[in-house]
Amino acid sequence: MDPGISLILIIVGGVVALFLLLYLLPVNLWFTAQLSNVKISLLNLVLMRLRKVPPSLVTNAMITSTKAGLRITSNEIETHYLAGGNVNKVIKALISADKANIPLDFKLATAIDLAGRDVFDAVQLSVNPQVINTPPVAAVAKDGIQLVAKARVTVRANINQLVGGAGEETILARVGEGIVTTIGSSTNHKEVLENPDRISKTVLSKGLDSGTAFEILSIDIADIDIGENVGAKLQTDQAEADLKVANARAEERRAMAVANEQEMRAKAQEAKAKVIEAEAQVPMAMAEAFRNGNLGIMDYYKMQNIQADTDMRTSIAKPNSGDKGKN
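All figures in this text were calculated on a predicted structure; none of them were measured in a lab.

Scoring rules and cut-offs
Throughout, a residue's number is its position along its own chain's written sequence, starting from 1. Only residues with pLDDT of at least 70 get local features here, since the model is predicted, and only at 80 or more are side-chain atom pairs given and counted; chain-wide, interface and lining totals rely on the full set of residues. The side-chain values count all of the structure's non-hydrogen atoms but skip hydrogen atoms and water molecules. Each helix is a run of DSSP H or I of at least 4 residues and each strand a run of E of at least 2, with the numbering of both proceeding from the N terminus. The rule is simple: take the accessible area with a 1.4 Å probe, protein chains only, and divide by the maximum for that residue type; under 20% is buried, over 50% is exposed, in between is partly exposed. Here, residues are in contact when the closest pair of their heavy atoms is within 4.5 Å. Here the accessible surface of atoms and residues is derived via Shrake-Rupley with a 1.4 Å probe, and residues count as covered only by protein chains that are part of the display. Each aromatic pair joins two rings of Phe, Tyr and Trp (for Trp, the six-membered one) with centres within 6.5 Å, and gets the label stacked for planes under 30 degrees apart, edge-to-face for over 60, and tilted for any other angle. Here, a charge over a ring means that NZ of Lys or CZ of Arg falls within 6 Å of the ring centre while also lying within 35 degrees of the ring normal. By this rule the span expected of a helix is its residue count minus one, scaled by 1.5 Å. Definition of a polar contact: a pair of N or O atoms within 3.5 Å, with one able to donate and the other able to accept a hydrogen when the atoms are protein atoms, and with sequence-neighbouring residues admitted only if both atoms are side-chain atoms. Side-chain atoms within 4.5 Å link the members of a nonpolar core, which is a set of buried Ala, Val, Leu, Ile, Met, Phe, Trp, Tyr and Cys residues. If DSSP finds at least two bridges between two strands, the strands pair. Each salt bridge in this description consists of a side-chain nitrogen of Lys or Arg and a carboxyl oxygen of Asp or Glu lying within 4 Å of one another. Only C-alpha atoms enter the line fits that serve as axes; for helices the fit covers just the stretch in contact. Angles between N-to-C directions range over 0 to 180 degrees. Convention used here: angles under 35 degrees read as roughly parallel, angles over 145 as roughly antiparallel, angles from 65 to 115 as roughly perpendicular, and any remaining angle as oblique. Throughout, a crossing is termed right-handed when the near helix is turned clockwise from the far one, and left-handed when it is turned anticlockwise from it by less than a right angle. Any residue that is not Ala, Val, Leu, Ile, Met, Phe, Trp, Tyr, Cys, Pro, Asp, Glu, Lys or Arg is counted as polar, Gly included; the first ten are nonpolar and the last four charged. In this scheme, patches are assembled from residues that exceed 30% relative accessible area and form no salt bridge. Like charges are connected within 9 Å, while nonpolar side chains (Val, Leu, Ile, Met, Phe, Trp, Tyr) are connected within 5 Å.

Colleague: I keep staring at the overall build of the protein chain and nothing clicks. Help me out?
Modeller: When helices and strands are counted, the protein chain shows 15 helices and four strands. A total of 327 residues make up the protein chain; the buried ones form 28% of that total. Of the contacts formed within the protein chain by residues at least 6 apart in sequence, a portion of 65% connects residues at least 24 apart. Put simply, the protein chain shows about 21,300 Å² of open surface, and 57% of that area lies on carbon and sulfur atoms.

Dropping the structure here:
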């Protein structure tokens with residue numbers, strides 16, 4: 001082999017070996033850590049590379065935390081990284097909490113981060129409270145007047161309750177419930193309009209932030225509007241319903257009366273039919289009486305005279321009946 005080619009191969013091999021050595025042995029990171037008074041060995045940096053943990057991430061995190069006066073080991077940072085956590089946000093959150101005198105240790109910060117919450121934003125929310133505007137909450141006082149209230153809830157993060165604590169939606173729901181309860185227990189709507197702070201005091205006294213990730217600092221009523229006269233509307237609806245019930249019952253009684261009338265008419269027709277049937281049997285009975293000798297000829301004429309007299313009296317009592325018959 002040509003000596004020149006061999007020399008080039010040796011040089012290339014040496015450069016590659018040097019790069020591999022520098023990759024496995026991050027001397028620059030180790031040197032930077034030593035200058036920053038961070039106690040971390042070169043072997044530990046090599047093992048990080050083998051464990052697929054970025055040595056630069058761990059080293060920079062330790063330098064930042066050490067400069068801020070925090071005591072965090074490389075093993076703790078590696079463990080949080082391997083668990084899928086955000087190391088940089090945890091370090092920033094710890095430094096921010098330390099400067100604001102908020103009690104927060106590395107274990108709690110990593111737990112909050114692994115729970116899916118932004119631990120740095122949580123610390124910022126503890127330092128700078130947030131104002132939550134509730135949607136319009138409608139409630140009805142005892143006099144039937146509806147009031148629509150809007151509130152501003154000032155909250156800050158409760159660091160110790162961030163893991164497993166309820167969120168903003170729960171705060172809004174509880175505040176809305178407290179507003180409805182306070183307005184609903186008022187004798188009339190004027191009491192609420194005259195003293196809107198009564199709502200704030202009542203709601204705050206209920207401890208609505210219990211079990212949530214927030215601490216309620218204040219509740220301020222921003223606006224109260226008068227809505228519908230729900231009481232009068234309900235009374236009107238009740239009156240209409242009562243009227244419909246009364247009409248239905250009256251119709252039921254009318255139908256029963258008509259049915260009874262029809263039944264009575266049917267019975268009258270039945271009675272008339274029986275009378276006509278009985279009258280039809282009179283001539284037969286008279287003939288039978290003649291044959292048996294129970295009725296004489298004079299008796300028959302007397303009965304005819306009585307019948308004629310009855311017909312005459314009937315015609316006199318009803319003078320128009322004959323005219324109607326002629327017409």
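Colleague: Explain the packing of aromatic side chains to me, please; I cannot follow it from the model alone.
Modeller: Think of a pair of aromatic rings as described by two things: how far the centres are apart, and how the planes are tilted against each other in angle. Here the structure, examined in full by the defined rule, presents zero aromatic pairs. It is Lys-92 that lies over the ring of Phe-120; its NZ or CZ is 4.6 Å from the centre.

Colleague: Could you clarify how one ought to interpret unusual backbone geometry in this entry?
Modeller: Residues other than glycine seldom take positive phi values, yet Asn-37 does so here, at roughly 65°. In this structure Asn-37 comes out as exposed when scored by relative accessible area, which is 53%. With a phi angle near 60°, Asn-101 is a residue other than glycine that sits in the positive phi range. By secondary structure assignment, the location of Asn-101 is in the loop between α6 (87-99) and α7 (106-114).

Colleague: Sorry if this is basic, but what is going on with α6 here?
Modeller: Helical geometry: 3.6 residues make up each α-helical turn, so side chains three or four residues apart lie on a common side. Across its 13 residues, α6 extends 19 Å between first and last C-alpha, which sits within 8% of the 18 Å expected from 1.5 Å per residue. Where α6 is concerned, the buried positions are Val-87, Val-90, Ile-91, Ala-93, Leu-94, Ile-95, Ser-96 and Ala-97. Residues of α6 that are buried sit in contact with α4 (55-67), α5 (74-82), α7 and α8 (119-127). For α6, the N-terminal cap is Asn-86; the gap from its side-chain oxygen to the backbone nitrogen of Asn-88 is 3.4 Å. Downstream of α6 by a residue or two, Asn-101 has a phi angle that is positive, lying close to 60°.

Colleague: Looking at this structure, I do not really get the nonpolar core. What am I missing?
Modeller: Buried together is how nonpolar side chains tend to be arranged in soluble globular proteins. Core analysis: the largest hydrophobic core is formed by 57 residues, its most contacted members being Leu-94, Leu-104, Val-153, Ile-159, Ile-179 and Ile-199. The element that contributes the greatest number of residues to this core is α6, accounting for seven residues.

Colleague: Could you clarify how one ought to interpret the pairing of strand β2 (residues 137-140) in this entry?
Modeller: Put simply, side chains in a regular strand alternate between the two faces of the sheet. Here β2 shows a clear split, with Val-137 and Ala-139 buried on one side and none of Ala-138 and Val-140 buried on the other. Where β2 folds back onto strand β3 (residues 145-157) in an antiparallel hairpin, the turn is made up of four residues, including Gly-144, whose phi is positive at roughly 90°.

Colleague: I'm lost on the pattern of salt bridges in this one. Help?
Modeller: Close approach of charged atoms allows side chains with opposite charge to pair. Considering all chains together, one arrives at nine salt bridges under this definition. Of the charged contacts in the structure, one is a salt bridge between Glu-78 and Arg-51, with a shortest N-O distance of 2.8 Å. Of this pair, Glu-78 sits in helix α5 while Arg-51 is found in the loop between α3 (42-50) and α4, placing the two residues 27 residues apart along the sequence. On the basis of relative accessible area, Glu-78 is assigned to the buried category, the value being 4%. Among the residues examined, Arg-51 registers a relative accessible area of 37% and is labelled partly exposed. In this structure, the salt-bridge partner of Glu-251 is Arg-254, at a minimum N-O distance of 2.7 Å. Taken together, the residues Glu-251 and Arg-254, both in helix α12 (residues 230-280) and three residues apart, mark about one turn of the helix.

Colleague: Would you mind going over the packing of α6 against α8 with me for this structure?
Modeller: When two helices pack together, their arrangement is given by the angle between their axes and by how far apart the axes lie. For the pair α6 and α8, interaxial distance at closest approach is 8 Å and the crossing angle is 20°. Judged on the interaxial angle alone, α8 and α6 are roughly parallel. Note that α6 runs across α8; the crossing there is left-handed. Facing α6, whose interface residues are Lys-89, Val-90, Lys-92, Ala-93, Ser-96 and Ala-97, α8 presents Val-119, Phe-120, Val-123 and Gln-124. Its residues placed into classes, the contact of α6 with α8 shows six nonpolar, two polar and two charged.

Colleague: So what exactly am I meant to see when it comes to the side chain of Ser-36 here?
Modeller: Topologically, Ser-36 is positioned in the loop between α2 (27-35) and α3. Contact partners of Ser-36, with chain neighbours within four places excluded, come to Ile-63, Thr-66 and Lys-67.

Colleague: Is there a simple way to explain a nonpolar patch on the surface in this structure?
Modeller: A grouping of Val-27, Trp-30, Phe-31 and Leu-35 is seen on the molecular surface, where their side chains present a nonpolar patch of about 390 Å² in accessible area. Structurally, Phe-31 is set in helix α2.

Colleague: Mind showing me how you'd approach the environment of Ile-221 here?
Modeller: Along the chain, the position of Ile-221 falls in strand β4 (residues 214-229). Sequence separation of Ile-221 and Asp-197 is 24 residues, and the distance between their C-alpha atoms is 7.1 Å. If near-sequence neighbours (up to four positions away) are discounted, Ile-221 is found in contact with Lys-150, Ala-151, Pro-196, Ile-199 and Ser-200.

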